[in-house]
Each structure stands twice: as structure tokens, then as C-alpha cells.
Amino acid sequence: MIAETDPSLQVLGSVFGYDSFRGEQQEIIDHVVAGGDAIVLMPTGGGKSLCYQIPALVRSGTGIVVSPLIALMQDQVDALELVGVRAAFLNSSQSTQQRIEVEQAYRSGELDVLYVAPERLAMAGTRDLLDSSSIALFAIDEAHCVSQWGHDFRPDYLQLAGLVVRWPDVPRIALTATATRATHDEITERLEMPKARHFVANFDRPNIQYRIEPKSNVKSQVLSFIRTEHPDDAGIVYALSRKSVDGIAEFLREKGVNAYPYHAGMDATSRRETQARFLREDGVVVVATIAFGMGIDKPDVRFVAHADLPKSIEGYYQETGRAGRDGLAATAWLAYGLGDVVNLRRMIDDSPGEREFKIKLSSHLDAMLALCETTTCRRVNLLSYFGQKSQACGNCDTCLSPPETWDGTVAAQKLLSTVVRLKRERNQSFGAGQIIDILRGKQTDRVRQWRHDELTTWGIGSDISEQQWRAITRQLLASGALAVGTDGYGTLVTTDASDGILRGERSVDLRNDPVPASRRSASGARRKQAKSDGAPLSPADEELFELLRQWRGEKAREKSLPAYVVFNDSTLREIARQRPSTREALLGITGIGEKKRDTYGDDVVSVVTGSQ
Ligand code: ADP
Ligand code: ZN
């Protein structure tokens, strides 16, 4: 049988405790073991790490892993050591003594895997060190950091192209969860990997439920979402500015949620503490700017909530991908409103940079808006952005409760003609608030001051609520039938597309904003389990699972490790279900290899047998 003699499969079972490869892991690993270069695009949680860890173990020499995530290297090394892999790292957080020890271990060929920060690898001393022993492969993790357009750009990554010049015979594998064609091409070019084989995985994350709802009072919306659907779960709430991060975190804490802020304006120590707490404690919510999250491989993040509109689908998909890496049900929730569209358009106009750059930012935003306003499956829309065809998913808000559409042509004409008249008759531009007051015939100081009650469109839209008018304005902005002026005040202006609507040549289909789902689904009935190991445990098994969790918590604290590094939830669930009563039986459980059986086997067996 081939399986018996395949060293990669052997390592998969004996070291990592898994019985089969996922997706294209096997092909990727075989290719790199044989000395080939590879570019791997796999969604977060897809299983990228094994693609370089196993070849590093199978090939002779040390696997060098380049990663920008210095703060996470210790955890990664700890996790590898727990399964018996000899691992270490080199980065600026170390003392000289620690560094010397790692260097010695490398020189004597005692390391299977060595994590190196990109700026270290740029140093001549590090390069000489690498020459002093044999290199199994170079793995370039988070490879999208070479992309200057992306938000994670690291200048040191550009130097990684030099690896091929110095070590032409060492295979290189570049990995990322960013999937657009443009990023893909940039990685190939900038890392100089023209001959690499490309592996593009299925980007679907079926266990994540995607939901987007209109924003009204975002703090209360986030709170009610967490309370009704994810009380006591770990999750991330993303917001655009430091100020709103602080505001939301404080509000959630006042309401009893175990939430902490995280943004670049905080000092390094508090940021480190928040990150450690998130990784090590159960049920922590981090409210953060996008500075938080890359490389965090906590498997049981149950939700990612966006309190502000992300700037691109690429960013949104990476951020939401941090939910549910363990394959169990998770939620990606986003609230967005008229204000988001106006703000982001204004930020793009104000941003320094070439016209070409602004056009690029605008097109990213347009794609994001199209996703928000779509009346068809969110997932089909997302995946098609990454060039992948799919069927309606049944696990997003538009599939679960298809939005109603209505003919908004007349409403759109009323709104657009108000904007046109203000410009033509008064040479004025105003923001959405004033336009809506005019349409609704609302007497305010500003209306009196500007005599807007004398306009012919005054009060012609009083049959539509203010909230509905905001939804209409938002959708017209999203579709390009209306635009934000460049005066920096968020005023509304018409576009070429407006003319067709005003002349009655184009009709406008609008979606009715649904009632926010978090309020509707208070029963929680929609929580869907995505995989078989997510099926509910029997009460007796649930009890054992809790005992195992307690035991795991103690072990993790003793060594100051995140709990999931000891065993993840799926492994504990499987133990609770199968109740292995011997050390040998433990090897049949997913996630238990030989080293972990030796370290924890007796403990686990006694928790299991003690509970009977
Ligand atoms: P990525 O780096 O792509 O985000 P990871 O490498 O962290 O993903 O893997 C995600 C999770 O899936 C981890 O908990 C990992 O142990 C698990 N995993 C990866 N490959 C397999 C496999 N072949 N069988 C079972 N579990 C796997
Ligand atoms: Zn769907």
C-alpha cells in the first residue's frame, strides 16, 4: 500500500494526529517535498501551515518560515513543540542570549522549523547563519505583504526576491489568504517565482453565515447581536476609527460584555495584553481597527462584526475569515448606512495620491457597496469577486430571507430633481439630511434660513419615512446614480447616470431594508451547525466535555499557553463522544499525535474514566 510508505502521510498521522489531507494539501506537500516552488492561495482556516510544516519535516535540513507576525511567533513555536517538532524563532523581541542559543541549535542541525522576521532575513549576519547549515525550504507566509496596494504592505518583503539568487536550489512556498487575481500576480512577480506551481483553493467558508443589515444605532445593534446570538462567545468587532473603537468597547463593557479595545494609538504593552487575553481566555470580545487580527489562528472565534463599512471586499473577506476556523458555525455580521458611504467617498477624495490610485480605491468601494445592496446570495457575490462560481448558499441573510424589491423610479426622480433644482435655481449643494427634510416638507431653522420651503419639490416625498429616504439615498449612491461632491462636506451631486433616471429612460429597482436580523432572530432558532462534529452533544457527553475543558484550562495556564494549543474544541468533543479508555485508543482521535498522547494521554484517560 502506498499510504504506508508515504512519509508525508505518516507525519500527518503520527505528529499531527490527522488521518487525511484536506483539499489540495497532499498535492502541495508532494510538490514542495520534491523540490518545487509553490504559490498557495487558501482561505483563512484552510490549513496552510501543514503545507510547509510537513515538507520541513520530511526534507532534510531546517524549514525557514518568513512571517511578519512577530507577536505570534512564540505561540506558533509552542504549538509545534507540543506535537514534538523542534522549532524556534529569530526576531527583535529576543535577548542576545536567546538569539545565540537559537543560532547554535540551527548550526548543529537541531531545528526542524525556524521562524524568521523579514527584517532579520534582510541582514547579512542572518543570511550567513543560514548558510552554516542546510535549508529544507523557504516558506513565505502572508505573502500578500509584498503588495503595495494592499493594506498589509511590508517593505522588507520586497527583499525576499533575493532568496532565489542566493539559494537557487532551495524550494520556496509562498502562502496567502488573499485571493484576487491582482494580488496573485503581484506575488508571482515581486517574489520572482515565475516557475512556481499555483494552487488556488476553494475560497468558500460554508460554516460562516454572512449577514449585512442597515445601520441605525450601531452600538445597540452590536450589543443586541452579541446578546441574542453570541453571548459568552469569543469574537471581533471591527470599527474604522480609534474613537469609535474606544466608544464601542466602553459601551459593551458597561453592558456586561467582556470587551477590550485594540488600535494603533494604544501603547504596545496594552495591545499585547489584549491580544494575549483574547487568545488565552474564553469568551473575550476585541473591538479593533483593522490593525488587529492578521495571523491570529485562534480556531474558536464565533463571530466577526463590522460596525463600519470595510473599504474593500478583499479586506472584508480576510477579516470575516477569522471567524470559525474550526469549521463550526460562525457569523459574519455587518451594519452599514448612508453615513458610511458618504464618509468613505470623502476619505477617498481627501486621500493624497494619484488619480489612478483614487480610481482604484473607488472601484474597491463600489464592489463592497454592490455586495451590501445585492438582492441575491451574498456568498455567490463574494466568491465571484475572487473568480469562483457557486450556487445560492442557504446560509446568508439574502438566502434566508430574500429581500423584497420595489420600483423606486418615482422616488429617485423626486430626490434627484431636488438636488438638480438646488443647484440650478440656487447654486447650492447640500448633504442628505437637508435634501430629505425638503422632500418630507419638514420645517427646520435651516429650511427657513434658506427658504427651501419655496422650492417646487418641497414636501413631495412626505409619504415616505425619513429612514426610507435614507435607504433610497444610500442605494442611489451605491449604484452611482448619485455621488458625493468633492467639496469635503459630504454634499450630494448628480451624475451622468442621474440624467437617464430623470428623463424616465431608466427605472430604478430598490430593495426594502429588512428588519435587522439580530432583532428578528431572538429565538436563536437559525443558529446552524455546519459540520458533523458540530452536532449537539448528549447531556452526558456535554458534561464530560466541560470536565475536559476545565482540565485543558489548567494545563494551558500551567504553561501559559492558549487553551486551543493544548487541544482544540473539536478534539475535546470527539473525546467526549468516543470516551477512549486507553492511551492507544487516543491515537484514533483527530488532533492527537504520538507526542500529545505521551504528554497528555494518562490525564485524558483518567478524566474520561473518572467521569463514568
Ligand atoms: P490557515 O493557516 O490556512 O489559516 P491553519 O493551518 O491554521 O489554517 O489550519 C486551520 C485548522 O485546521 C488548524 O486547527 C489545523 O490544525 C486544522 N487542519 C489543517 N489541516 C488539517 C487536516 N488535514 N486534518 C484535520 N485538521 C487539519
Ligand atoms: Zn446565500
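Residues numbered from 1 in each chain as written. Chains lettered and ligands numbered in written order. Predicted model: local features only at pLDDT ≥ 70, side-chain atom pairs only at ≥ 80, totals over all residues. Heavy atoms only, no water.

Q: With reference to specific residues and values, describe the domain arrangement of the chain.
A: Taken domain by domain, the chain consists of domain 1 (7–200), domain 2 (208–400), domain 3 (405–511) and domain 4 (532–610). On a C-alpha basis, the centres of domain 1 and domain 2 stand 28 Å from each other. Contact residues are listed per partner, giving 19 residues for domain 1 and 17 residues for domain 2. Summed over both sides, the interface of domain 1 with domain 2 buries roughly 1600 Å², with 60% coming from carbon and sulfur. Our count for the domain 1 to domain 2 interface comes out at 1 salt bridge. Of the charged contacts in the structure, one is a salt bridge between aspartate 75 and arginine 280, with a shortest N-O distance of 3.1 Å. The residue makeup of the side of domain 1 that touches domain 2, split by class, is 8 nonpolar, 7 polar and 4 charged. (Domains from an automatic or database assignment. Contact = heavy atoms within 4.5 Å. Buried area = accessible area lost by both parts, 1.4 Å probe. Salt bridge = Lys/Arg side-chain N within 4 Å of Asp/Glu carboxyl O. Nonpolar A, V, L, I, M, F, W, Y, C, P; charged D, E, K, R; others polar.)

Q: Before we move on, can you summarise the sheet that holds strand E12 (residues 303–306) with the specific residues and values?
A: Strand order across the open sheet formed by 6 strands is E8-E13-E12-E9-E11-E10, with parallel pairing between neighbours. Each having just a single partner strand, strand E8 (208–214) and strand E10 (259–262) make up the two edges of the open sheet. Across the sheet, the mean angle separating the axes of adjacent strands is 15° when strand polarity is ignored. Both strand E9 (residues 235–238) and E12 contribute to a ladder of 4 bridges, which runs parallel. Note that in E12 the partner of isoleucine 236 across the bridge is valine 304. (Pairing = 2+ DSSP bridges. Helix = DSSP H or I, 4+ residues; strand = E, 2+ residues; numbered from the N terminus. Axes fitted to C-alpha atoms, helices over the stretch in contact; angles between N-to-C directions.)

Q: Report on the pattern of salt bridges, specifying residues and quantitative values.
A: Within the structure shown, the criterion is met by 31 salt bridges. Note that glutamate 546 is salt-bridged to arginine 549, the shortest N-O span being 3.8 Å. Residue glutamate 546 and its partner arginine 549 are located together in helix H26 (residues 539–559), separated by 3 residues, close to a single helical turn. A relative accessible area of 34% places glutamate 546 in the partly exposed class. A relative accessible area of 25% means that arginine 549 is categorised as partly exposed. Members of the salt-bridge network, linked through shared partners, are Arg583, Arg597, Asp598 and Asp602. (Buried < 20%, exposed > 50% of the residue type's maximum accessible area, 1.4 Å probe, protein only.)

Q: Would you mind going over the site of ligand 1 in detail, with residue names and values included?
A: Taken together, 14 residues lie near ligand 1, and Tyr18, Gly45, Lys48, Ser49 and Arg325 sit nearest. Side-chain polar atom of tyrosine 18 to an oxygen atom of ligand 1: 2.5 Å apart, as the coordinates give it. One of the side-chain nitrogen or oxygen atoms of arginine 22 is found 3.1 Å away from an oxygen atom of ligand 1. Contact with the protein chains removes 82% of the 560 Å² of surface that ligand 1 exposes when unbound. Ranked by residues supplied to the shell around ligand 1, first place goes to helix H4 (residues 48–58) with 3 residues. Taken together, the residues that form the shell around ligand 1 break down as 4 nonpolar, 7 polar and 3 charged. (Near = heavy atom within 4 Å. Polar contact = N/O pair within 3.5 Å; in protein donor to acceptor, adjacent residues only side chain to side chain. Areas by Shrake-Rupley, 256 points an atom, 1.4 Å probe, with all protein chains shown as cover.)

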